[in-house]
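This is what each chain is made of:
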Amino acid sequence: MNDWRPFVYGGLASITAECGTFPIDTTKTRLQIQGQRIDARFTDLKYRGMFHAFFRILREEGAVALYSGIAPALLRQATYGTIKIGIYHTLKRAVISNPHDETLAVNVICGVTAGVVSSSIANPTDVLKVRMQASGSQTKCDNMVCSFVKIYRTEGFTGLWRGVGPTAQRAAVVAGVELPAYDLCKKHILMSGLLGDTKETHFLASFLAGLAGAIASNPIDVVKTRMMTQKKLKVAASPGAGAVQVIYSSSLDCLLQAVANGQTVKTEGVMALYKGFIPNWLRLGPWNIIFFMTYEQLKKTY
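Residues numbered from 1 in each chain as written. Predicted model: local features only at pLDDT ≥ 70, side-chain atom pairs only at ≥ 80, totals over all residues. Heavy atoms only, no water.

- Under the annotation held in an unreviewed UniProt entry, the chain carries the name Kidney mitochondrial carrier protein 1 and is attributed to Batillaria attramentaria.
- Check the Subcellular location (unreviewed entry) section of the UniProt entry for the chain; it says "Mitochondrion inner membrane". (UniProt positions renumbered as here; feature names shortened; annotations may be inferred.)

Here you go:
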């Protein structure tokens, strides 16, 4: 069935949700990248928590820093959100034509597939967003085009797909949990008879879906953020020559790194994988509420 509406509604709802929650996402990114060990040194723990980070960024760098990276973020949602929701609903209808016959297993498989495909395509915009969020106002490249050119010149074409592995893994987890969770919660709320197909039902189902997504995805989100923000370092290999190394060679290396450069779990503890959980949840919760309620209203209106 060739239905274009899930693609369009998904993209519009994703952009709306991104605009409403972006400062929280910036705060989450700053919290996740602090505490790494680079060149045998730990980076400073500049922020003590979500609110401290939010107000310190606001005080030291201005409100514009909280929206640093908004352009690639909106571009990402215009691609990632559009493709993800479109593929998810299209696959579901291709497998099961009657919505009442949907099963959790089918929805999870469709969600995982949609997350992997859409995130892989949109990865360059995600790299731009995370880099601009991490640097804030402390960079001469204050726009998307300048940042894109800088990454391409210094790291090559592959730099734009840095972290695509953990990005796809996170998207698979998020889409494979949030989308089926929303459908499942909505289905059971409607079956209970307590609420109808109303805004209250959409609010409750989206809140629960956001909580489930945050718990499942936060460890992968930490790895993804660190993989994307790491810079290539030139190291003298021989006179007149130089080798290039990075802090983490892979997402697994970032998680359990066996070499001496420092690793997320061994040097910072398991709870490092849940750094930024509160802002991550406080972002995913409102993000999902705005997204699903906008999506449902678009469906009803058009």
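**Details of the pattern of salt bridges**
Consideration 1: In the structure shown here, the tally under the stated rule is 13 salt bridges.
Consideration 2: The residue R162 makes a salt bridge to E155 at a minimum N-O spacing of 3.0 Å.
Consideration 3: Several salt bridges share partner residues, and in doing so they unite D25, R76, D126 and K129 into one network. (Salt bridge = Lys/Arg side-chain N within 4 Å of Asp/Glu carboxyl O.)

**Points about the packing of aromatic side chains**
Two aromatic rings are characterised by how far apart their centres lie and by the angle between their planes.
Consideration 1: All chains considered together, the criterion is met by eight aromatic pairs.
Consideration 2: Ring geometry for F54 and F55: centres 5.2 Å apart, planes at 85°, overall edge-to-face.
Consideration 3: In this structure F54 comes out as partly exposed when scored by relative accessible area, which is 26%.
Consideration 4: Both rings, one in F207 and one in W281, keep their centres 6.3 Å apart while their planes meet at 55°; by these two values the pair is tilted. Of this pair, F207 sits in helix α8 (residues 199-229) while W281 sits in helix α11 (residues 277-301); the two residues are 74 residues apart in sequence, bridging distant segments of the chain.
Consideration 5: Grouping aromatic residues by their ring pairs yields a cluster made of Y9, Y182, W287, F291, F292 and Y295.
Consideration 6: The ring of Y80 carries the charged tip of R76 above its face, separated from the ring centre by 4.2 Å. (Phe/Tyr/Trp six-rings, centres within 6.5 Å; stacked < 30°, edge-to-face > 60°. Buried < 20%, exposed > 50% of the residue type's maximum accessible area, 1.4 Å probe, protein only. Helix = DSSP H or I, 4+ residues; strand = E, 2+ residues; numbered from the N terminus. Lys NZ or Arg CZ within 6 Å of the ring centre and 35° of its normal.)

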